[in-house]
Amino acid sequence: MTGKNAQNCNNNYLKYVRALDPPTKHFKNCLAAFGVGGLICTIGQFLRYMLEYAGLSGDELAGTVSVILIFFGCLLTGFGVYDRIGRHAGAGSIVPITGFANSVTSPAIEFRTEGYIYGTAAKMFNVAGAIIVYGVFSGVIVGIIYYFL
Amino acid sequence: MKKGNTLFFKTRPRVRSYAAICGSKEKEGVIGNYADITLSDDMYGESTYEKAECKMLSGAISLAVEKGGLTDCDIDAMLSGDLLNQIISASFAARDFEFPFLGLYSACSTMSESMLLSAALVDSGFACNCVAATGSHFASAERQYRYPLELGCTRPPQSQWTVTGAGACVISDAVGKIAITSATLGRVRDWGVTDVNNMGAAMAPAAADTIMRHFKDTGTKPEDYDMIITGDLGALGSRILKDLMWEKSYDISSNHVDCGEIIYKVIEDEFQGGSGAGCSAVVMNSYVFTKMNAGLYKKVLFAATGALLSTVSSGQGESIPCISHAVELESLAAGAQ
Amino acid sequence: MPTEKILEILFMYFKAFAVGGAICVIAQIIINITSLTSGKILVFFMLGGVVLTALGLYQPLVDFAGAGATVPISGFGYLLANGAIKGAEKGFFYAVTGSLTAASAGVTAAVVFSFIMSLLFHSKTKRN
C-alpha cells in the first residue's frame, strides 16, 4: 500500500500525529486579528471622513478610499513591513483590502528576477488572479440574475 | 559486502576534509563557531537568492577540496544535489570545477545519500577522492515551495525554517580520521501525511525504518552509538521518531540528536526547528566532523531524512513520500573514548 | 462642531473598528480550524460579500459600519455585486460589465502600484 491507499491503513498514525499538533493560540490570534483588522477599517473610516470633507461622495468616495489603502498596502509590502505585520496579525492583515494589495505586490517583487513580462507581470496574479476570476464570474452571475428578475 | 540493504565498506573510506558555509541566522546557533564561512548578508553579494545558493555550494566544495590539500585534478567525482527544480544550484556550482559531476536528488537527505554513494565509489576502487555536497537557501526554498517572501501569511506552529547554508566533504581512500564503516539504503515510506507544513511527522516513519534496519543488519544496539543524528525532523518529528523506535523496543532517547532541532539558538520563530538539505549538511560538516576529528565522538550514525514532494504533488492532494539514508561513521582519532 | 456630531463621528469609528475587527476574527477562526491559506480566505470572503450583497444583506451592514464593512475583502465583493445589480437596471450589457466597472478602481490601483513597487524594491529575506 502506498500513497493515498496508505492513508486508510495508517489512520492510527495520522490520529497520533494530530494529537501531537502544537496547540493553536486561539484567543491570542483572534485578539491580534481583531485589533489590526479593526484598526485598518478605522483608518478607512478616517479617510472616508477626510475625503467627504474634501467634497467627494458616492462611488468616487468609496473608490478613492480603497485606492489609498491599496497604495499603503503596496508600499508597506515593498518596504518588507507587511509580512511582519501579517505574521502576528494573521487574518487581521489578510482580509482587509490591504491584504489584497499585499497578495498582488509580493509576487510582483519576488518574481522580478525572472523578467518583467513572465516574472513581474505574469506572476502578479498568482493569488489575486483567483480573486478577480471568481469576483468577475460571480458578479456576472449576480448581474444576469438581477436582469431577469 | 552486503547484508539486507546495508553496505559494509571493506576499505573504510575516510572523510578527508569538510567545509560548511552558513547564513547569518544560523551563525547565532551552535554551528556558528564551527562553520568556515558565515554570511553577513543572505544575498552573498549576488543578484538573486538562487545565485547566492549556488555560490555557497560552490564555495563549500572548493573550500573542502582545498582543506584536504587537493586540487581539482585529484577529485574523481562530485556528488551533489539541492532542493531547487532540476537541481540547478548543484549543477550550476559544478560549472566552476574541472571534475565530473553526478547530480542527485533526495530532498533533505541528499547529504547522507551523497556520502553513501561517494563511499561506495571509493570503496569499490573506482575513485580515490569524491566530493559529497549539498546546500539550501531559505529564500529560494520559500519561493519554490511556499509563498513569496513578502506575502503576509501566518506560519502554522508545525512549520520549520529552511536553513541557509551549504556543506561539502571529501571522501577519500586513505587520509582522514573519520571512517565510513557502513551505510543503509533507505526505502521510501509514506504513511499518508498530507500536511506540507508537518514534514517532521511525514519523515519520522522513514527515519525509524532505516535506523531500525541498520541496527538489525549490523547487529548493533542504540547504546553502541555516541550519537544518532537525524537530518531535519524538527522538535515534533524527533518526538515521533523516538516514540516509533520505542514501540519496537529501541530506546534512542539518550543519544538521539536532530540537526534541525539544534541548529537554531532559540526555537521560537522557527517553531519546530530547521529543515532543508543544508540543515544536516551544515551541522555534519562543521560541528559533528570537528568533534569526531578531535575524538570526542567515537561512533556516530547519521540518517538524514528527505520529503520527496513537489508543489504539483501537494497541489494534487498527494501524501508525502519520504526517505532516509543512514551512514555509520567512526572516529579513528586518538583520545577517542 | 456640535457635541452631538462629534459623538456621532466617534461612534462611527467605533462601529467601523468593531465590525471590521469582527470580520477579521471570523476569518482568523476559520484559519485556526481549517488552516486555509491566505489566498483561499480572500476568495471565500470575497464570494461571501457577493452572495450577501445579492441577497440584500450586506447593504445594511455597510450603512451601519461604513468602512468597517467596505474595507475588508468582502467589501470588494459588495462592490462587484452592487455594480452588477445597478447595471442590471440599465440593460443586459451593463448587467454583465457592471461588476468589473465598479471594481476597476481597486484592480487598477493594485496593478499599477504593485508594478511600481516591483521596480523600486527587492524582495528581502526574513530572519524571523
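Residues numbered from 1 in each chain as written. Chains lettered and ligands numbered in written order. Predicted model: local features only at pLDDT ≥ 70, side-chain atom pairs only at ≥ 80, totals over all residues. Heavy atoms only, no water.

A cluster of nonpolar side chains, namely Tyr116, Ile117 and Tyr118 of chain A together with Val112, Phe115, Ile116, Leu119 and Leu120 of chain C, defines an oily patch on the protein surface of about 830 Å² accessible area. Looking at the nonpolar patch, the elements with two or more residues in it are helix 8 (116–123) of chain A together with helix 6 (92–120) of chain C. With 5 residues, helix 6 of chain C is the single largest residue contributor to the nonpolar patch. (Patch = residues over 30% accessible without salt bridge, like charges linked within 9 Å, V, L, I, M, F, W, Y side chains within 5 Å. Areas by Shrake-Rupley, 256 points an atom, 1.4 Å probe, with all protein chains shown as cover. Salt bridge = Lys/Arg side-chain N within 4 Å of Asp/Glu carboxyl O. Helix = DSSP H or I, 4+ residues; strand = E, 2+ residues; numbered from the N terminus.)

Before going further, it helps to examine the confidence of the model for chain C. Mean pLDDT over chain C: 91, with 98% of residues reaching 70 or higher. Under the prediction, the complex receives an ipTM of 0.92, its pTM being 0.90. (pLDDT = per-residue confidence, 0-100.)

On to the interface of chain C and chain A. Contacts between the two partners involve 67 residues from chain C, matched on the other side by 70 residues from chain A. Buried surface at the junction of chain C and chain A, both sides included, amounts to about 5,700 Å², of which 77% is carbon and sulfur. Linking chain C with chain A are 1 salt bridge. The salt bridge partner of Lys86 of chain C is Asp59 of chain A, with a shortest N-O separation of 3.9 Å. Applying the counting criterion to the chain C and chain A interface returns 10 residue pairs in polar contact (both at pLDDT 80 or more). Among the secondary structure elements, those contributing two or more residues to the side of chain C that touches chain A are helix 1 (3–34), helix 2 (38–54), helix 4 (67–70), helix 5 (73–90) and helix 6 of chain C. Here the side of chain C that touches chain A is built from residues that sort into 46 nonpolar, 18 polar and 3 charged. (Contact = heavy atoms within 4.5 Å. Buried area = accessible area lost by both parts, 1.4 Å probe. Polar contact = N/O pair within 3.5 Å; in protein donor to acceptor, adjacent residues only side chain to side chain. Nonpolar A, V, L, I, M, F, W, Y, C, P; charged D, E, K, R; others polar.)

Turning next to the packing of helix 3 (residues 26–53) of chain A against helix 4 (residues 58–78) of chain A. Residues and elements named next belong to chain A. As a packed pair, helix 3 and helix 4 sit with axes 9 Å apart at the nearest point and diverge in direction by 130°. In terms of orientation, helix 3 lies oblique with respect to helix 4. Viewed along their axes, helix 3 and helix 4 form a crossing whose handedness is right-handed. On helix 4, the residues that touch Ile43, Gly44, Leu47, Arg48, Leu51 and Glu52 of helix 3 are Leu61, Thr64, Val65, Ile68 and Leu69. For the contact of helix 3 with helix 4, a count of residues per class yields 7 nonpolar, 2 polar and 2 charged. (Axes fitted to C-alpha atoms, helices over the stretch in contact; angles between N-to-C directions. Parallel < 35°, antiparallel > 145°, perpendicular 65-115°, else oblique. Left-handed = near helix turned anticlockwise from the far one by under 90°.)

A few words now on the pattern of salt bridges. All names here are of chain B. Following the criterion strictly, the structure yields 11 salt bridges over all chains and no others. Here Arg12 and Glu330 are joined by a salt bridge, their closest N and O atoms 3.8 Å apart. Here the residue Arg12 occupies a position in the loop between strand 2 (6–8) and strand 3 (14–22), and Glu330 occupies one in strand 15 (residues 322–331), the gap between them amounting to 318 residues. The partner of Glu50 in a salt bridge is Arg143, and the shortest N-O contact between them spans 3.8 Å.

So, on to the packing of helix 3 (residues 58–65) of chain C against helix 5 of chain C. Residues and elements named next belong to chain C. Here helix 3 crosses helix 5 at 120°, and the two axes come no closer than 11 Å. The orientation of helix 3 with respect to helix 5, classified from their angle, is oblique. The element helix 3 and its partner helix 5 pack so that their crossing is left-handed. Together, Tyr58, Gln59 and Val62 of helix 3 and Ser74, Gly75, Tyr78 and Asn82 of helix 5 make up the contact between the two elements. Across the contact of helix 3 with helix 5, the residue classes tally to 3 nonpolar, 4 polar and no charged.

Attention now goes to the interface of chain B and chain A. How big an interface is tends to be expressed through the accessible area that disappears when the partners come together. Taken together, the contacts link 31 residues of chain B with 28 residues of chain A. Interface area for chain B against chain A, summed over the two sides, is near 2,600 Å², with a carbon-plus-sulfur share of 58%. Interface area lost by chain B to chain A is led by Arg143, Glu150 and Trp191 of chain B, which between them contribute 26%. Where chain B packs against chain A, one counts 1 salt bridge. When the shortest N-O distance is used, the salt bridge between Arg143 of chain B and Glu114 of chain A registers 2.1 Å. Linking chain B with chain A are 8 residue pairs in polar contact (both at pLDDT 80 or more).

With that settled, consider the packing of aromatic side chains. Counted by the stated rule, this structure contains 20 aromatic pairs over all chains. Clustering of aromatic rings is evident, with ring pairs tying together Tyr13 and Tyr16 of chain A together with Trp191 of chain B. Over the ring of Tyr264 of chain B we find Lys25 of chain B; its NZ or CZ atom is 5.4 Å from the centre of that ring. One residue, Lys90 of chain C, lies across the ring of Tyr94 of chain C, its end atom 5.1 Å from the ring centre. (Phe/Tyr/Trp six-rings, centres within 6.5 Å; stacked < 30°, edge-to-face > 60°. Lys NZ or Arg CZ within 6 Å of the ring centre and 35° of its normal.)

Let's shift gears to the nonpolar core. Counting 57 residues, the largest nonpolar core has Ile70, Val95, Ile97 and Phe100 of chain A together with Ile73 and Phe76 of chain C as its most contacted members. Among residues more than four places away in sequence, those in contact with Phe76 of chain C are Ile97 and Ile131 of chain A together with Met46, Thr70, Ala103 and Val107 of chain C. If you look at the next biggest cluster of nonpolar residues, it comprises 50 residues, including Val163, Ile171, Cys259 and Val283 of chain B. (Core = buried A, V, L, I, M, F, W, Y, C linked by side-chain atoms within 4.5 Å. Buried < 20%, exposed > 50% of the residue type's maximum accessible area, 1.4 Å probe, protein only.)

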